[in-house]
Amino acid sequence: YLCGKKKATDLAHMVWKHVVQKGDTVLDATCGNGFDTLAMLNLVADDSRKGYVYALDIQKDALDNTSILLEESLNPDEVRTENKYKVFSALRQLVKLVNICHSKMEEVVPRNALVRLVGFNLGYLPGGKKEIITRPETTFLALEAAERILMPGGLISIVVYVGHPGGREELEAVETFAARMPVENWICCKLRMVNRPCAPVPIFLFRR
Ligand code: SAM
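Let me begin by describing the structure that accompanies this report. Remember, it's a predicted structure, so these values are computed and weren't measured experimentally. Residue positions are given per chain, counted from 1 along the sequence in the order it is written. Restriction of local features to residues with pLDDT of at least 70 applies here, the model being predicted, together with a cutoff of 80 or more for giving and counting side-chain atom pairs; totals for whole chains, interfaces and linings are based on all residues. The side-chain values count all of the structure's non-hydrogen atoms but skip hydrogen atoms and water molecules.

**Concerning helix α6 (residues 167-179)**
The line we're drawing: Helix and strand labels come from DSSP, where a helix needs a run of H or I of at least four residues and a strand needs a run of E of at least two; each type is numbered from the N terminus. The span you would expect from a helix comes to 1.5 Å times its residue count less one. Accessible area is worked out with a 1.4 Å probe on protein chains only. A residue is then buried under 20% of its type maximum, exposed over 50%, and partly exposed in between. Within this analysis, the arc is defined by the directions that extend from the helix axis to the C-beta atoms. By definition in these notes, contact holds between two residues if any of their heavy atoms fall within 4.5 Å.
Between its terminal C-alpha atoms α6 stretches 18 Å, which fits the 18 Å expected from 13 residues at 1.5 Å a residue. Listing the buried residues of α6 in full gives G167, E170, L171, A173, V174, F177 and A178. All buried residues of α6 fall inside an arc of 160° around its axis, so they share one side. Exposed and oriented more than 90 degrees from the buried face of α6 are E172 and A179. Taken together, the buried residues of α6 touch α5 (136-149), β5 (150-160), β6 (186-190) and β7 (201-207).

Structure follows, in structure tokens:
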């Protein structure tokens, strides 16, 4: 992986594959253009159409982009037979898109849900307004909420971008959060590219 040209999000997806199982419930805390939501759906959807993805974003545009990506990826053929449409709509129903700040994720996920993965891909919407961006304070609150809803054996996955204004402060907030997790229950690690100081930083918090 490290010798390839893959992105930080590809690395995160690779780690998710080792944690998430078919039929799991997962949450995308920043769905943006939908690539992480789609990757999550592919991991959780099984033949019996169980598994569930909650996808949140503070921007309506992001939810629309995610919805379009799901439609194009799950229902790609020009010839759309009734049967193909049924498969698409069954899969589509496994994703709930919600226009809300991720610090309020507990208002979205049912109290008894066992959440295997909460994924954060911080920063601004690529191709969108750069001033609408994740902020250290709300990110910290969202991480606390993620900690409360995550099941044992679950993962909080965060990709932090340090190349834009405010990015380093956000990395500091995430590191502060991760550093205080109790060692008995959590394994917390980050991957830093030492020869690329501005590269995005994937951080993984594994709950035992
Ligand atoms: N995961 C996305 C994908 O696969 O395309 C990319 C996410 S993008 C880097 C960051 C997203 O976080 C933006 O769409 C932005 O609107 C969203 N965002 C910013 N603040 C937020 C908040 N407080 N709660 C939820 N989403 C937020």
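**Here we look at the packing of aromatic side chains**
Selection criterion: Ring geometry is summarised as follows: Phe, Tyr and Trp rings, the Trp one being its six-membered ring, pair when their centres sit within 6.5 Å, and such pairs are stacked at plane angles under 30 degrees, edge-to-face over 60 and tilted between the two.
In the structure shown here, the tally under the stated rule is four aromatic pairs. Pairing Y85 with F88 gives two aromatic rings, centres 5.7 Å apart and planes at 50°, and the pair type is tilted. One end of the pair is Y85 and the other is F88, both in helix α4 (residues 82-92) and three residues apart, which spans about a single turn. Its relative accessible area of 46% is what places Y85 among the partly exposed residues. Accessibility expressed as a relative area gives 5% for F88, which makes it buried.

**Let's talk about α5**
In this model, α5 (14 residues) spans 20 Å end to end at C-alpha, consistent with the 20 Å of a helix rising 1.5 Å per residue. Looking at α5, one finds that the buried residues are T139, F140, A142, L143, A145, A146 and I149. Lining the buried residues of α5 we find β1 (25-28), β4 (115-121), β5 and α6.

**Topic: the pattern of salt bridges**
What counts, and what does not: By salt bridge we mean one thing: a side-chain nitrogen of Lys or Arg within 4 Å of a carboxyl oxygen of Asp or Glu.
Throughout the structure, instances matching the rule amount to five salt bridges. A salt bridge links D24 to R116, with the nearest nitrogen and oxygen atoms 2.8 Å apart. Note that D24 is positioned in the loop between α1 (8-17) and β1 and R116 in strand β4, a separation of 92 residues in sequence. Pair check on accessibility: D24 and R116 agree, each one buried. A salt bridge links E175 to K190; the shortest N-O distance between them is 2.6 Å. Here E175, found in helix α6, pairs with K190, found in strand β6; they are 15 residues apart in sequence, far enough to count as distant. K190 sits in the partly exposed class, given a relative accessible area of 43%.

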